[in-house]
Amino acid sequence: MPSNTVDSLSKFLQKFELEVLKTMAQNALSETKQEDVGELSNDLIDWAYEQGIKKFIGQLDASTLKTSMEEAGVKDVDANGSKEALGEKFLDSVEQDEGGPEGFLSRMKVATLKKFVKILGFETDANDQQQYAEDISDELLLNGTRMLFDFVDEEALKKTSKKMNLKVPKSASKLVVQDILLNEVFPGLSPEEEEKPKKEKKAKKSSSEPSAKQTREEINEKIKRERSDLPDCKTFDDIFQNYWVDELRDFCKKNDIKSQGNKKDLIKRILAFNMDPTNRGFTEKKRKRKTGKSSSKKEKKEHATTNGDASASSTPKEE
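Cut-offs and rules
- Counting from 1, residues in each chain are numbered in the order their sequence is written.
- Note on the predicted model: pLDDT of at least 70 is required for a residue's local features to be given, and 80 or more for side-chain atom pairs to be given and counted; whole-chain, interface and lining totals, by contrast, use all residues.
- Values shown for side chains rest on all heavy atoms present in the structure; no hydrogens or waters enter the calculation.
- Going along the chain from the N terminus, every DSSP run of H or I of four or more residues is numbered as a helix, and every run of E of two or more is numbered as a strand.
- Whether a residue is buried, partly exposed or exposed follows from its accessible area with a 1.4 Å probe, protein chains only, as a fraction of its type maximum: under 20%, in between, or over 50%, in that order.
- In what follows, residue pairs with any heavy atoms lying within 4.5 Å of each other are defined as contacts.
- Residue burial considers only the protein chains on display, and all accessible areas are found by Shrake-Rupley using a 1.4 Å probe.
- Within this scheme, the nonpolar core is defined by two criteria: the residues are buried Ala, Val, Leu, Ile, Met, Phe, Trp, Tyr or Cys, and they are joined through side-chain atoms within 4.5 Å.
- Segment limits for the domains were obtained from an automatic or database-derived domain assignment.
- UniProt positions are given in the numbering used here, feature names are shortened, and annotations may be inferred rather than shown by experiment.
- What makes a salt bridge here is a side-chain nitrogen of Lys or Arg within 4 Å of a carboxyl oxygen of Asp or Glu, nothing more.

Enquirer: How should the overall build of the chain be read in this particular structure?
Expert: Of regular secondary structure, the chain possesses 16 helices and zero strands. Classification of the 319 residues of the chain by burial places 39% in the buried group. In the chain, once contacts between residues fewer than 6 apart in sequence are set aside, the share between residues at least 24 apart is 51%. Within the structure as shown, the chain displays about 20000 Å² of accessible surface, and the carbon and sulfur contribution to it stands at 48%.

Enquirer: Explain the nonpolar core here, please?
Expert: Nonpolar side chains in soluble globular proteins tend to be buried together. Phe16, Met24, Ile136, Phe149 and Ile239 are the most contacted members of the largest nonpolar core, which has 76 residues in total. Looking at which element gives the most residues to this core, the answer is helix H3 (residues 37-57), with nine residues. When residues are assigned to domains, this core turns out to be shared by domain 1 (4-152) and domain 2 (230-282), each giving three or more. Apart from the residues lying within four places of it in its own chain, the contact partners of Phe149 are Phe12, Leu13, Phe16, Met24, Leu157, Lys174, Gln178, Leu181 and Leu182.

Enquirer: What exactly am I supposed to notice about the UniProt feature "domain: SAP" (unreviewed entry) in the chain here?
Expert: Taking the UniProt record as the reference, the feature "domain: SAP" (unreviewed entry) is found at residues 240-274. Across residues 240-274, the secondary structure splits into 71% helix and 0% strand, with the terminal C-alpha atoms separated by 15 Å.

Enquirer: Before we go on, may I ask you to explain the environment of Thr160 in this structure?
Expert: Locating Thr160 in the fold gives a position in helix H9 (residues 154-163). Taking the relative accessible area as the measure of exposure, Thr160 reaches 5% and is therefore buried. As a C-alpha pair, Thr160 and Val177 span 17 residues in sequence and 9.7 Å in three-dimensional space. Residue contacts for Thr160: discarding those within four places in its chain leaves Phe16, Val20 and Leu181.

Enquirer: What am I meant to see in the pattern of salt bridges here?
Expert: Close approach of charged atoms allows side chains with opposite charge to pair. Using the criterion set out here, one finds 10 salt bridges in the structure. Of the charged contacts, one joins Asp43 and Lys264 as a salt bridge, the two residues approaching to 2.6 Å between their closest N and O atoms. Pair noted here: Asp43 is in helix H3 and Lys264 is in helix H15 (residues 263-275), with a separation of 221 residues, a long-range link. In the salt-bridge network here, residues are joined through shared partners; they are Asp43, Asp46 and Lys264.

Here is the structure:
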């Protein structure tokens, strides 16, 4: 199931001017020629998530990488592997997990997740594995998104803030402007909120947590009520914003569509299937037909031999 934060960030980035997104893409996705704001936003989010995870992996030692992967059920973890090799294994495992970073992290022990929170340096009121996994995933995405914002100059960020009617002090630094923008998706970053006492913030978050959870469930139900049926979806964004990866995988399996790959792969196959039901994402292997050349050659040879024998027998010998 995709993180609500991912969906919120995608919608948020789509409010940016295309040129600003292109600036991010030129630095992060050097070969992209994407012109669609929705798909470009999603590509940037994928990049941000990956960079956030890579940065985090760099903060972990080999022992922690090994232990955490074993807890998550990763197979064939090399006990004597180097930190670099274990880091690559960790990244691959996150990317291949059907539940994404949240699903991968949620299978680890709470003690390990608490250690991750300490390494990342943020506060959380989480009290179970799922809540820890969600908060850590959000922090990884936040760190990667900051890298995207670093590619954009201060003036462009201020113009974007103004377009969104966000209050930005004239003397605000680029970092402050970034926080004001990011606060729209990752609450708690704006200067006003930073000035509040930590205890007050923690108490407020704790008291509002049940209602936040309820709101999240209500949002999911609303999405399910209002979304189009999968066969009727015509654009990438229609599916990305309204369907969870497990739903997409189920749809693929029911319709004999190739169900391996990440969410983007599944969406592209479903869109292709909606356009042409014979397109199921599998590479068609064509059998080579027998040309019959060998048999025809054999027949010709036999025919020639027969004719030769016949002509030889019918031609009288010269005496």
